[in-house]
Amino acid sequence: MKTKVRAENYIKFLIYAFVIILINIAGITLSYRLDLTKNKIYSISDVSKEVVSTLSEPLTIKVFFTKNLPSPYNTIERYLRDLLEEYSINANSFFNYRFYEVSSEEESIGKDSKINQEIANNYGIYPVQIRAVEKDEVKVKKAYMGLVIIHGDIIEKIPTISSTEGMEYKLTTAIQKLNNKISALLNLKENIKVKLFMSSSLKLVAPFMGIDDLPNFPKQFEEVIKKTNQKLYGKIDFIYLDPSSNPKHAEDLKKYNIMSLKWPELSKGAIAAGEGAIGVVMEYGKKTIEIPILQVFKIPLIGTQYNLMKADDIEEVINANVETLIDINENVAYLSSHDTLKIQSPLSFDPMGGNKQDTLSNFRKLLYQNYTLKEISLEEDDSLLEGFNCLMIAGPKKEFSDYELYQIDQAIMRGKNVAFFIDSFNEVAPTNQYYGQGPTYIPINTGLDKLLDHYGVHVKKSYVLDESCYKQFVPPQFGGGEQVFYYAPIIKNLNINQKLDYMRNIKGLVVIKNSPVELNEEIIKKNNIQAYSLFSSSEKSWEMSGNINLNPMLIKPPANEEGMKKMPIAYILEGEFPSYFAGKSMPEKKVKTDTSTDTSTDTSADTDTKSESDEKKVDVSKIEGKGAFISKGKSAKIFIIGSSELIKDTIIDEDGASPNAVFVMNILDVLNNKVDTAIMRSKEQSFNPLNESSAFAKLAIKFINIAGLPVIVIVFGLFAWVRRSYRRKHIQMIFQKEVR
């Protein structure tokens, strides 16, 4: 009997031990984390999950950290472990990470730590100095706090991690940078189709259009595609479609916005009336990009001209559009003509402190992290505005011709997004430095106003001044007090549109010399455009127009508040905009006259030649073109703000951590259709100001803090005294009854 009981106990023990082991295994493999933070800052975003789940080659992250670091650095390693674990859970099998414990000491360290130290140094990770408080003393210590990301033969490193702020964004964008092109191409579910539509009938009229090389274009195009395909892992399928010879291809044309040409009988009947089409379509999945390869423009006295895309341009355009189709680093086009801000201006060292007012080096650095900058000059470059999703026009001062406006308008019609940073005034410094003489503000007329007015938005010729603005303390030697800069409004949380996901975590901004932006509600409603006000000034703001003088010592708020109101400062418009040139004739392109030509040469010999060529000349204006002009195109976005100061180094910090920098980069992401990246960037904003409280609320809280605790103690003491008195009386009454 005893043996049976003992056996049962052993069996029970083994079962319990087995259950405990299973529970432990389940606890290890089925771990669950709950992120209770408002912005889910301890959970990786969807874009991070997508990046690590689409790796096509092994990617390893090696983290080098020194143990037992003092506060606040001791939490960084823990945060990194949790973050990389989150990546690992959502990644495929190619993702790996490893932590190396690295001692910053050079002597008296173990063999393993010394090896780790050498590995870190080989990757370019070196110790940094940090401050530590030990035994009531402030000491300086050395510590390793860096990581490297290895993908194939390429290494990306973050040498110093001194904060957890924005770490997910840095890691994800770094992985994207390494992984994007290779993995995106290798993971394509299908090849990218490049369709060349070109009617063979066009070959008849090509010589009269000045494009003699048109018959050879399909072969040249195919050669370029073959060359490009070698760099793109053979992921391009080239298809040549001739609508003239195949009716089915003519039907396919209707799905796209391809240029079609129609001509009457030409050259005294030698060329029969006909029609044709030419253009390129790139397709991947549901994404389609139409590339016009034949450009049409008018030149005064010369007439209509045709320009066929060159082979070098084809390769560039195909490459750029492949990246757009599969979401690799997109191009951001920047207008470099028309006296816009110089984005590539070299940095200059100023021993007196440096004047960085007009430099865009910080913005350029942040831009290059995720985008490729493509400068475009409408004055010198005849190429079409193609190969990008977003065009930036920042601070133009020179007037746009109608043809240049036409190019911008048609880019928007083709679904390109445009960011307008419009300055209303040109600040001209005085030539003679008389005491107290300030700059002159001359209104700028670029002609963009008529384009924007047609789309339903207008930048006023005035500046926004605001009582909620930047204030600078004046040193005592200069009189003390504070200097108020009303033309530098501080945008508070309540005046920022928090309904938009990419704006939700931006809690404050500073803008300078901004003009108010107005909507034409009637046009917006008529065209079914979605307009989002991004932020506005406070209710105590007013306008300065006419004679502009921004000397802060001479600006005073209005005596009464009747002229004060909240004014929108930045908008995003989204929808299918109608073309400004709909119903108008195509504007003519201005041609630079070549004055260097020697007109004194004998022209008599050329007379016969000219007369012969005149006989052969055909009026190509009779050829009607369709599809080259788009009266109402694809959905596009327009961002507009009444100042270009927002992207200057005076506003944007080098690390991109300030709310202003986050806002600008978020706008670029939104205009490049990367809203998820914008949300990821801004979810860890360190600038979280308290909500504004009324004067009464502040006074009440102050009173409670000072007098609240003593009052509570007094009330509790009174309650205890009354209770004790009552109890004493009650006991006395009991004893008095017993005595009686």
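Residues numbered from 1 in each chain as written. Predicted model: local features only at pLDDT ≥ 70, side-chain atom pairs only at ≥ 80, totals over all residues. Heavy atoms only, no water.

S.K.: Explain the overall build of the protein chain to me, please; I cannot follow it from the model alone.
M.R.: Each helix and strand in the protein chain was counted, giving 17 helices and 30 strands. For the protein chain, buried positions account for 45% of its 740 residues. Within the protein chain, contacts between residues separated by at least 24 positions form 74% of all contacts whose residues are at least 6 apart in sequence. Carbon and sulfur atoms make up 53% of the accessible area of the protein chain, which totals about 41,900 Å². (Helix = DSSP H or I, 4+ residues; strand = E, 2+ residues; numbered from the N terminus. Buried < 20%, exposed > 50% of the residue type's maximum accessible area, 1.4 Å probe, protein only. Contact = heavy atoms within 4.5 Å. Areas by Shrake-Rupley, 256 points an atom, 1.4 Å probe, with all protein chains shown as cover.)

S.K.: What exactly am I supposed to notice about the pairing of strand 28 (residues 568-575) here?
M.R.: Looking along a regular strand, one sees side chains alternate from face to face of the sheet. The buried count for strand 28 comes to six of eight residues, which makes it a mostly enclosed element. By the bridge criterion, six bridges tie strand 26 (residues 530-536) to strand 28 in an arrangement that is antiparallel. For F535, the partnering residue across the bridge sits in strand 28 and is A570. Here strand 28 pairs with strand 30 (residues 636-641) via six bridges, running antiparallel. Directly across from I572, in strand 30, lies its bridge partner F639. (Pairing = 2+ DSSP bridges.)

S.K.: I tried to follow the nonpolar core on my own but got confused; where do I start?
M.R.: What tends to happen in soluble globular proteins is that the nonpolar side chains get buried as a cluster. In this structure, F363, M392, L534, F535, F639, I647 and F663 are the most contacted members of the largest nonpolar core, which totals 61 residues. The dominant element in this core, judged by the number of residues it contributes, is helix 15 (residues 659-671), at nine residues. Those residues in contact with F639 that sit more than four places away from it in its chain are V418, A419, F420, F421, L534, A570, Y571, I572, F663, I667 and L671. (Core = buried A, V, L, I, M, F, W, Y, C linked by side-chain atoms within 4.5 Å.)

S.K.: Any chance you could explain the sheet that holds strand 22 (residues 469-473) here in plain terms?
M.R.: Each strand in a sheet pairs with its neighbour through backbone hydrogen bonds, running either in the same direction (parallel) or in the opposite one (antiparallel). The strand order across the open sheet formed by three strands is 22-23-24, and the pairing between neighbours is antiparallel. Since the sheet does not close on itself, it has two edges, and those belong to strand 22 and strand 24 (508-510), each with one partner. Within the sheet, the average angular offset between the axes of one strand and its neighbour, ignoring direction, is 40°. Direction of pairing for strand 23 (residues 482-492) relative to strand 24: antiparallel, over a ladder of three bridges. By the bridge assignment for strand 24, I491 is matched with L509. (Axes fitted to C-alpha atoms, helices over the stretch in contact; angles between N-to-C directions.)

S.K.: It is not clear to me how the sheet that holds strand 16 (residues 390-394) should be interpreted in this structure. Could you clarify?
M.R.: What the seven strands build is an open sheet, ordered 15-14-16-17-30-28-26; its pairing is mixed. One side of each edge strand has no neighbouring strand; the edge strands of this open sheet are strand 15 (372-376) and strand 26. Adjacent strand axes in the sheet meet at a mean angle of 20°, parallel and antiparallel pairs treated alike. As paired strands, strand 14 (residues 331-335) and strand 16 are joined by three bridges and run parallel to one another. Paired with Y334 across the two strands is M392, which belongs to strand 16.

S.K.: Looking at this structure, I do not really get the packing of aromatic side chains. What am I missing?
M.R.: Note on aromatic pairs: each is described by the distance of the centres and the angle between the planes. Scanning all chains against the criterion turns up 20 aromatic pairs. Where F535 meets F663, the ring centres are 5.3 Å apart and the plane angle is 75°; that geometry is what we call edge-to-face. Placement of F535 in strand 26 and of F663 in helix 15 is noted, with a sequence separation of 128 residues between them. Measuring from ring centre to ring centre gives 5.0 Å for Y580 and F581, while their planes differ by 85°; the resulting arrangement is edge-to-face. (Phe/Tyr/Trp six-rings, centres within 6.5 Å; stacked < 30°, edge-to-face > 60°.)

S.K.: Explain helix 2 (residues 46-53) to me, please; I cannot follow it from the model alone.
M.R.: Two residues of an α-helix separated by three or four positions point the same way, owing to the 3.6 residues in each turn. Looking only at helix 2, the buried set comprises V47, S48, V51 and V52. End-on, the buried residues of helix 2 take up no more than an arc of 125°, which puts them together on one face. Relative to its buried face, helix 2 has exposed residues pointing more than 90 degrees away, namely D46 and E50. (Arc of directions from axis to C-beta.)

S.K.: What exactly am I supposed to notice about the packing of helix 10 (residues 361-370) against helix 15 here?
M.R.: The relative placement of two packed helices comes down to the angle between their axes together with the axis-to-axis distance. Orientation of helix 10 relative to helix 15, taken along the N-to-C sense of each, is 45°, at an axis distance of 11 Å. With respect to their mutual orientation, helix 10 and helix 15 come out oblique. The way helix 10 lies across helix 15 gives a crossing that is right-handed. Taking contact as the criterion, the partners of F363, L366 and L367 in helix 10 are, on helix 15, A661, V664, M665 and L668. (Parallel < 35°, antiparallel > 145°, perpendicular 65-115°, else oblique. Left-handed = near helix turned anticlockwise from the far one by under 90°.)

S.K.: What is the right way to read empty space enclosed by the protein from this model?
M.R.: Over the atoms a probe the size of a water molecule is rolled, and this reveals where empty space is left. Throughout the structure, instances matching the rule amount to one cavity of 30 Å³ or more. Looking at the largest cavity, its volume works out to about 40 Å³. Within the lining of the largest cavity, the residues separate by chemical class into four nonpolar, two polar and three charged. (1 Å grid on protein atoms, 1.4 Å probe; cavity = no way out; pocket = protein on both sides within 12 Å on 5 of 7 lines; lining within 4 Å. Points joined across faces, edges and corners; volume = space filled by probe spheres on them. Nonpolar A, V, L, I, M, F, W, Y, C, P; charged D, E, K, R; others polar.)

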